[in-house]
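Understanding the architecture of this molecule
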Amino acid sequence: MSKSEYVYHRVVISLLLLILVVPLLATLLYALATEWGATILPDGLTIEWFSHLWHDPRFLAALGRSLIICFGALVFSFVLVLPVMFVIAWYFPFLGSIMNVLILLPFAIPPVVSSVGLLQLYASGPVVLTGTPWILIACYFTITLPFIWRAISNNMQAVNIKELVSAANLLGASTFQAAFLVVLPNLRKGAMVAVLLSFSFLIGEFVFANILVGTRYETLQVYLYNMRNGSGHFTSALVISYFCVVLLITWLASALNRK
């Protein structure tokens, strides 16, 4: 790469970063502003809006519910998907191409259509799940399935699990021991990618949460929607706090993965 091309790429990357950062900085500045009317800069700065937000029990409860549902759906997904993926990869590899098509079906049906059908099924009858976190965890499982399947499937192909399991069997380990003690640790990076992608998608999910549970189990996105008619400064503080929570969890996951 020539010097001119290097400079051009650096300029393009800097412009893209600027485009991404400017809206966040503007939102942060508005969240810190006491008043911001017809002037270019706000009249003053304050942390009152952040203090009010983080002392709001309703916001803290909504944040806790969102984290519980997201991590609950991820744990449920991994517990169910990982054994199935290993069985398919080891015993039935011909099913891999079929599963690559089936896992895309959740994206073929709009969330609004799915929500209406789920309301008709679980709003009454022997099993009533609407308004509970359980129906959201089940719905979020279908959302995370494509991310988890593709990320871990690519990781399995990279580490070549057949050679790993065969080598472990030669050393006296059973297939179960090889899967748990040899294959699973080698899937750490793929699992981490799946977690980060799924979490960033689930924490911002609104349609299922609003239609299926609403204020009966208010999540962070539903709380943000319900507070939309309030102070713009408060809403901006909420958006920045939401972004910081996602960024913090992503950083912690990346740090743990490096260790």
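Report on the accompanying structure. (Residues numbered from 1 in each chain as written. Predicted model: local features only at pLDDT ≥ 70, side-chain atom pairs only at ≥ 80, totals over all residues. Heavy atoms only, no water.)

Concerning the overall build of the chain
Where we set the bar: Helix and strand assignments come from DSSP, with helices taken as H or I runs of at least 4 residues and strands as E runs of at least 2, each series counted from the N terminus. For a compact globule the rule gives 2.2 Å times the number of residues to the power 0.38, and the radius of gyration it is set against comes from C-alpha atoms. Buried, partly exposed and exposed residues are distinguished by accessible area as a fraction of the type maximum, computed with a 1.4 Å probe on protein chains only: under 20%, between the cut-offs, and over 50%, respectively. Contact criterion: two residues are considered in contact whenever any of their non-hydrogen atoms come within 4.5 Å of each other. We get accessible surface area from the Shrake-Rupley algorithm with a probe of 1.4 Å; when it comes to residues, only the shown protein chains can shield them. Counting rule applied: Lys, Arg positive; Asp, Glu negative; His and chain ends not counted. The atom standing in for a charge is NZ when the residue is Lys, CZ when it is Arg, CG when it is Asp and CD when it is Glu.
Within the chain, the regular secondary structure consists of 12 helices and 0 strands. For the chain, the succession of helices and strands along the chain, N to C, is α-α-α-α-α-α-α-α-α-α-α-α. Relative to its length of 259 residues, the chain is extended, with a C-alpha radius of gyration of 23 Å against a globular reference of 18 Å. Relative to its 259 residues, the chain shows a buried fraction of 35%. Of the contacts formed within the chain by residues at least 6 apart in sequence, a portion of 72% connects residues at least 24 apart. In the structure as shown, the chain presents an accessible area of about 15,200 Å², 73% of it carried by carbon and sulfur atoms. Between the centroid of the 12 positive side chains of the chain and the centroid of its 8 negative side chains there is a distance of 15 Å.

Considerations on the pattern of salt bridges
In plain terms, the rule: Counted as salt bridges are all cases of a side-chain nitrogen of Lys or Arg within 4 Å of a carboxyl oxygen of Asp or Glu.
Evaluated as defined, the whole model comprises 1 salt bridge. Between R58 and E218 there is a salt bridge, with its nearest N and O atoms 2.8 Å apart. Placement of the pair is R58 in helix 3 (residues 57–90) and E218 in the loop between helix 10 (207–213) and helix 11 (220–226), with a sequence separation of 160 residues. On the accessibility criterion, E218 (5% relative accessible area) is buried.

Focus on the state of the cysteines
Convention followed: Note on disulfides: each one is a pair of cysteine sulfur atoms within 2.5 Å.
Throughout the structure, instances matching the rule amount to 0 disulfides. With no disulfide of its own, C139 lies 13 Å from the sulfur of C70, the closest cysteine sulfur. For C244, which is in no disulfide, the shortest distance to another cysteine sulfur is to C70 and amounts to 17 Å. Relative accessible area serves as the criterion here: at 41%, C244 is assigned to the partly exposed category.

Here's the deal with helix 6 (residues 133–159)
Note the following rule: Take the residue count of a helix, subtract one, and multiply by 1.5 Å to get its expected span. Note on bend: at a given residue it equals the angle between the axes fitted to the 7 residues ending there and to the 7 starting there.
The terminal C-alpha atoms of helix 6 lie 36 Å apart, and with 27 residues this matches the ideal 39 Å at 1.5 Å per residue to within 8%. Bending of helix 6 peaks at approximately 40° at the position of T144, with proline P146 no more than four residues after it.

Here we look at the nonpolar core
The criterion, for reference: Joining through side-chain atoms within 4.5 Å is the link that ties buried Ala, Val, Leu, Ile, Met, Phe, Trp, Tyr and Cys residues into a set, and such a set is a nonpolar core.
In terms of nonpolar packing, the biggest core is built from 37 residues, with L53, F59, L136, Y140, F208, L212 and Y223 touching the most fellow members. At the level of secondary structure, the elements contributing two or more residues to this core comprise helix 2 (48–54), helix 3, helix 6, helix 9 (188–202), helix 10, helix 11 and helix 12 (232–258). For F59, the residues in contact, after removing those within four places along its chain, are L53, W54, L220, Y223, L238 and S241. F141, I148, W149 and M156 belong to the second largest nonpolar core, which has 24 residues in total.

Comments concerning a nonpolar patch on the surface
Put simply, the rule reads: Patch construction takes residues with relative accessible area above 30% that form no salt bridge. Like charges are linked within 9 Å, and nonpolar side chains (Val, Leu, Ile, Met, Phe, Trp, Tyr) are linked within 5 Å.
On the surface, I13, L17, L20, V21, L25 and L28 cluster together into a nonpolar patch covering about 540 Å² of accessible area. Note on placement: L25 falls in helix 1 (residues 3–32).

Comments concerning the packing of aromatic side chains
In plain terms, the rule: Each pair of aromatic rings taken from Phe, Tyr and Trp, with Trp reduced to its six-membered ring, is defined by centres within 6.5 Å and is described as stacked if the planes are under 30 degrees apart, edge-to-face if over 60, and tilted in the remaining cases. Here, over-ring charges are defined by two tests on the NZ atom of lysine or the CZ atom of arginine: distance to the ring centre within 6 Å, and angle to the ring normal within 35 degrees.
All chains considered together, the criterion is met by 10 aromatic pairs. Ring geometry for W90 and Y91: centres 6.4 Å apart, planes at 85°, overall edge-to-face. With a relative accessible area of 46%, Y91 lands in the partly exposed category. Three or more aromatic residues joined by ring pairs make a cluster, and in this case those are W90, Y91, F92 and F94. When the ring centre of Y217 is taken as reference, the NZ or CZ atom of R65 above it lies at 5.5 Å.

Comments concerning unusual backbone geometry
The residue N160 is not glycine, and still its phi comes out positive at about 55°. Position of N160 among the secondary structure elements: in the loop between helix 6 and helix 7 (161–170).

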